[in-house]
Amino acid sequence: MTALPASMPAVASAALPRPPGVISSTLTVARRELRDALRSRWFLLYTIAFAALGLGVSFVSAAGTGGTGLSGFGRTTAGLINLILLVVPLMALSAGAASIASDRERGMLAYVLAQPVRTWEILLGKFVGLGASLLASITLGLGACALVLAWKGLRTQPASMLWLAGLALVLALGMLSVGLLISSLARRASVAVGTAIFVWLTLVFVSDLALMAGAVALRLRIEQLFALSLFNPMQVFKMWSLHAADASLDVLGPAALYAVEEHGSRLHALFGACLAAWVLLPLGLAGLCLSRRSPL
Amino acid sequence: MTSRPIHLVLAAGLALGAPAPAQEAEHAAPASAPRAAAPDPLRQGEINRLLREAPDGATVRVPAGIYREHLRIDRPVTLIAEGEVVIDGGGQGDIVEITAPDVTFRGFIVRNTGDNLDHENAGIRAVAPRARIEDNVLDDILFGIDLRESPDSIVRGNRIGGKKLDIARRGDGLRLWRSDRALVESNEMHDGRDSILWYSKGVTVRGNVGHNCRYGLHLMFSDDVTITDNEFAGNSVGIYLMYSTGVRISGNRLLRNRGPSGYGLGLKETDRFEVRDNLVVGNRAGVYIDGSPFTRAKPGLFEGNTFASNDVGIIFLPSARGNEIVGNNFVDNIDQVVVSGRGNLDANRFWRGDAGNFWSDYTGYDADGDGIGDFVHESSTLFENLMDRQPALRLFLFSPAQQAIEFVGRAVPAVRPEPRFVDEVPLMRPVPVRPEVGVDAGARLGLLASSGALLALSAGVFALAGVLPFSRRTDSSQGALS
């Protein structure tokens, strides 16, 4: 299998019609993946849950202000960040984890690889397609929230909703690549999804709680605490949202204040690099695994 | 004050051998510098000449133009700018000095003082009582308006903009030193250090705007001051009272004062104060109370204020005792009320009679419909309690892990912390927000627009995938694969 991509061009130029170009075959896979994703029950469930919970957060915070309309970057956006941290990674991880493993289980992967497409074109196609489905879900949910906030007359910054949506997408892409990595390693779809949920639990709860406990027990200095928190994509997303949407990272206390004083204008690049690493590294590893393993 | 004689000696030294008065000599100094070697096109010393010709009590009208001048007004006159009159200090020394009582100085543009903090170079300095300094624009100045022992003065309608310097090298936009009963009204202060009152009794500060300064307004040992209808936004601290007694603060807007201090209103060992009907929004801490009230003479009163969207509504130091916080709105502050360090707020009261405050995080209900919640409002969450002890843990705010900890705190009574404070009679509806906040149509439209953009993007993806009922089904992908 690994030798196939290298030998393909020679064969193709001799007798077979030219294989489709990289972009076109990637997009073909992506479109199929997107359509399958949007039609799946899981997608529907997650999207409805995300939108409903987001609307709930918006209504509750509108009610909480007692009609004063005074809500800057208060509990509204905090609630939305919290919700995104819970739902979006779960959605992305499980979507990524289910995709390749279930294809392999059904023999679909071997079938597709028998076509004139390269392994990484399939991977990239799946990434783009699933990423687009996540984009649809995130924008639908947050768009509905923004509508409610506008209707209720809350003074949430319009740009902060756009930032939130954009950064949620980046977080989702990162988690999607982790999911694809899990999926390319696992033999069965059920194992892959189980692993994905475990990873989600670790990133959302366990690592934060462990870091909190560590910070107290080991008396971590604030710069160490900040540096360690950069390893968790959820924390990076949260800090970046606060920094970008309201430029008030100092909400997060001494460690964040240190970050602002120390890094200042470089913070965008720093957070961006962290999340980009979460997108690119697992995806690259997944490509490596896929090309080395039998599609069966 | 100590630097002033040195400055005069220097000026007098330069004046030796020349019959000109000291002011002329002062501006002779830059003329000797190589930069100004060419004849200066600006008019020099003309306002001083006009002043010398005018009798006491006269009204001197200065024609429009740019004057390179260091002005000393040593007789009681009224000086009025006719049109756009710019007095440029050429980046040296002070610009206008008022040494006679009852001087009015109105409508000038004063710019470009020196930047020597030791000499406290000022745009306009008054050292005599009853100065009226009105409708001037001060720009690129180290100190702006500096009243030194000028009681009963009026500073009104001026716009004071500091030099673009690092905050530590800036001067005070407005400073009152032993200037009792002064009126500071409708001024705008920006990009300065502080607007500060030193040892000045009975001052009224009304309708001013201060932004991008260190302290919007700072009181040091200044008693019986009234502070009303001002707006202090985007400073390090909005209003900071220190060691002052009998201060009334009402109708002010204290917005987005952030940074390591970042208080809307700070009270340090202040006594007999009333804080009413202020709008305190988006600050790091709405109010910071340190050792106030200082005596038991009168409770510190907070009534009718709205604290919204601050990181912390009110921070109490454990030394703060005897405050009465009644009939305020606490809306959407991340922490509504905090005790810095450990302890509770038993020495302060959050209700009077049968009315407390409105809390946006109140979880009770009002079955009998009397507008008062049927359960007491207690503030105690496990995570807030943790943050009090370990401030670095604030980094985990808004994360699901925080929620998990708070859930544990609610579910397991054994680890539930003592409440910080109790409001026995929380209000179900907010008190009217004063000063009023209109509906922000711009924000609403913007929100609608961003909502539309997001929804359109979502619809676009659905259409691209061909799953919307009205979109064309493209099966070319399957054709390519099979």
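Our subject is the structure that appears above.
Note that this is a predicted model, so its numbers are computed, not measured.

(A) Focus on the interface of chain B and chain A. Chain B puts 66 residues into the contact, and the matching count from chain A is 72 residues. Interface area for chain B against chain A, summed over the two sides, is near 5700 Å², with a carbon-plus-sulfur share of 70%. Counting across the chain B and chain A interface gives zero salt bridges. The tally of links between chain B and chain A comes to nine residue pairs in polar contact (both at pLDDT 80 or more). Residues of the side of chain B that touches chain A, tallied by class, amount to 36 nonpolar, 21 polar and nine charged.

(B) Fine view of the pairing of strand β12 (residues 137-141) of chain B. Residues and elements named next belong to chain B. In the sheet, strand β9 (residues 109-111) pairs with β12 via three bridges, with the strands oriented parallel. Its bridge partner lying in β12, Arg111 is registered against Asp139. Pairing geometry for β12 and strand β15 (residues 159-162), over three bridges, is parallel. The residue of β15 that forms the bridge with Val137 is Arg159.

(C) Geometry of the side chain of Glu121 of chain A. All names here are of chain A. As for its position among the elements, Glu121 is in helix α6 (residues 119-151). By relative accessible area, which is 1% here, Glu121 ends up buried. Polar contacts involving the side chain of Glu121 include one to the side chain of Ser25, which spans 2.9 Å.

(D) Quick look at the environment of Met220 of chain B. All names here are of chain B. Within the fold, Met220 resides in strand β22 (residues 215-220). Accessibility expressed as a relative area gives 11% for Met220, which makes it buried. Sequence separation of Met220 and Ser200 is 20 residues, and the distance between their C-alpha atoms is 8.4 Å. Those residues within four positions of Met220 in sequence are excluded, and the remaining contacts are Ile196, Leu197, Trp198, Tyr199, Met242, Tyr243 and Ser244.

(E) Broad picture of the side chain of Thr270 of chain B. All names here are of chain B. With respect to the helices and strands, Thr270 occurs in the loop between β28 (263-268) and β29 (274-276). Assessed through its relative accessible area of 0%, Thr270 is described here as buried. Here the side chain of Thr270 touches Leu241 through a polar contact of 3.3 Å, landing on its backbone oxygen. Residues contacting Thr270, with those up to four places away along its chain left out, are Leu241, Met242, Tyr243, Ser244, Gly291, Ser292, Pro293 and Phe294.

What counts as what
Residues numbered from 1 in each chain as written. Chains lettered and ligands numbered in written order. Predicted model: local features only at pLDDT ≥ 70, side-chain atom pairs only at ≥ 80, totals over all residues. Heavy atoms only, no water. Contact = heavy atoms within 4.5 Å. Buried area = accessible area lost by both parts, 1.4 Å probe. Salt bridge = Lys/Arg side-chain N within 4 Å of Asp/Glu carboxyl O. Polar contact = N/O pair within 3.5 Å; in protein donor to acceptor, adjacent residues only side chain to side chain. Nonpolar A, V, L, I, M, F, W, Y, C, P; charged D, E, K, R; others polar. Pairing = 2+ DSSP bridges. Helix = DSSP H or I, 4+ residues; strand = E, 2+ residues; numbered from the N terminus. Buried < 20%, exposed > 50% of the residue type's maximum accessible area, 1.4 Å probe, protein only.

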